[in-house]
Amino acid sequence: MSSVEGIGKQSLKGFVELLFFFMAITVMPQKTLTGKIVASINGNPLPYVNIGIINKSIGTVTDFDGNFELSIYRSNYKDSVRISSVGLKSKTLLVSNFISVLKADPVIEMNEKIEELSEVIVSNRKLKTKVLGNRSKSRKNLYEASADMLGSEIGVKIKIKNGPSLLKKFTTRVLTKRYVGFKFRLNFYDIKEGLPNRNLLTKNIIIDAKDIEDGWIHVNLEPYDVYVEDDFFVTLEWIQGDGKRKLKFPASLFGPVVVERETSQAKWNKHTTASIGFNVTVQY
């Protein structure tokens, strides 16, 4: 009896259907959309804006001059694309409408989002400082994250233990040997149903490769006035650099929950088998 016969007729039928499905994907025509994102107030190009199909691993980030390329399939025409960035009002429209908009004018204007500042209660008590998250510095235990699509993102959940806190510093270490030309965006999100939800920042925090010393990333968060009252996620988003690379970070078997998404606007995935060496210094 051959191995194929041993599968059974129904299983064989399913296997053949699956084979043709993957073959269809490989030959499915792609359409590459190009455009530019600018500020409506002055026409200046907007760098590092997220553009992607909601809940799909199809997305990108604008370059320093606001330009972008986004490859889609005909099967995506009824999906929705979202354009978003810290400090901007998001735009969401059907992919078919997005194509029409770009045909009419490849330059898309985005409006600034006016954020209402949260009320901060000032106390005269002496504040305490604490480091929260994963402090792993290991060079042997590594967490590998793909950096093959702009907008790919990885982070950990930070648990607040002492009430409302001011974020003071973010620390991690990149163990990838070559990161020249790389840029990251540091993001902070509140939590909904256990996953990152709304970005807590009002302006971008960009980390350039030249800011990384011996692999260490230290970001002073004081200028951004980020207050948190509950648990949150801190993430690093890849926004510039050579693709098809693995970013390596210190890791440990136990620690905060890790989340990842493949590109801008994609679904978040949660991992609990290992944790990544991201930590935040807070004052409370």
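Each value, and the rule that gives it
Residues numbered from 1 in each chain as written. Predicted model: local features only at pLDDT ≥ 70, side-chain atom pairs only at ≥ 80, totals over all residues. Heavy atoms only, no water. Pairing = 2+ DSSP bridges. Helix = DSSP H or I, 4+ residues; strand = E, 2+ residues; numbered from the N terminus. Axes fitted to C-alpha atoms, helices over the stretch in contact; angles between N-to-C directions. Contact = heavy atoms within 4.5 Å. Core = buried A, V, L, I, M, F, W, Y, C linked by side-chain atoms within 4.5 Å. Buried < 20%, exposed > 50% of the residue type's maximum accessible area, 1.4 Å probe, protein only.

Quick question: what am I supposed to make of the sheet that holds strand β1 (residues 30–39) here?
Within a sheet, adjacent strands bond to each other through the backbone by hydrogen bonds, running parallel or antiparallel. Here we have 3 strands laid out as an open sheet, ordered β4-β1-β7, and mixed in their pairing. Strand pairing shows two members of the sheet lacking a second neighbour, β4 (67–73) and β7 (107–110), which therefore form its edges. Strand-to-strand, the axes of this sheet are offset by a mean angle of 40°, without reference to chain direction. Both β1 and β7 contribute to a ladder of 4 bridges, which runs parallel. For A39, the partnering residue across the bridge sits in β7 and is M110. Relative to β1, helix α3 (residues 95–104) is tilted by about 65°, and along the sheet it contacts β1, β4 and β7.

Please clarify how the nonpolar core should be interpreted in this entry.
General note: in soluble globular proteins, nonpolar side chains tend to be found buried as a group. Counting residues in each nonpolar core, the largest one holds 37 residues, and the members touching the most others are F170, L186, F188, V234 and V280. The set of elements that each furnish at least two residues to this core consists of β9 (142–147), β10 (153–158), β11 (165–173), β12 (183–192), β15 (216–220), β17 (232–240), β18 (245–252) and β22 (279–283). At 4 residues, the largest contribution of residues to this core is made by β17. If sequence neighbours within four positions are ignored, L186 has contacts with F170, L201, I205, I207, V219, L221, V234, T235 and L236. Counting residues in each nonpolar core, the second largest holds 21 residues, with V49, I53, V81 and L93 among its members.

I keep staring at the sheet that holds strand β5 (residues 80–84) and nothing clicks. Help me out?
Taken in spatial order, the 4 strands of this open sheet run β3-β2-β5-β6, and their pairing is antiparallel. In this open sheet, the two strands that pair with only one neighbour each are β3 (59–61) and β6 (91–94). Between one strand and the next, the sheet's axes are offset by a mean angle of 10°, whatever the strand orientation. Pairing analysis gives 3 bridges linking strand β2 (residues 50–53) to β3, with the strands arranged antiparallel. When the sheet's bridge partners are listed, N50 is paired in β3 with V61. Each of β2, β5 and β6 is contacted by α3, which is oriented at about 105° to β6, the strand it contacts most.

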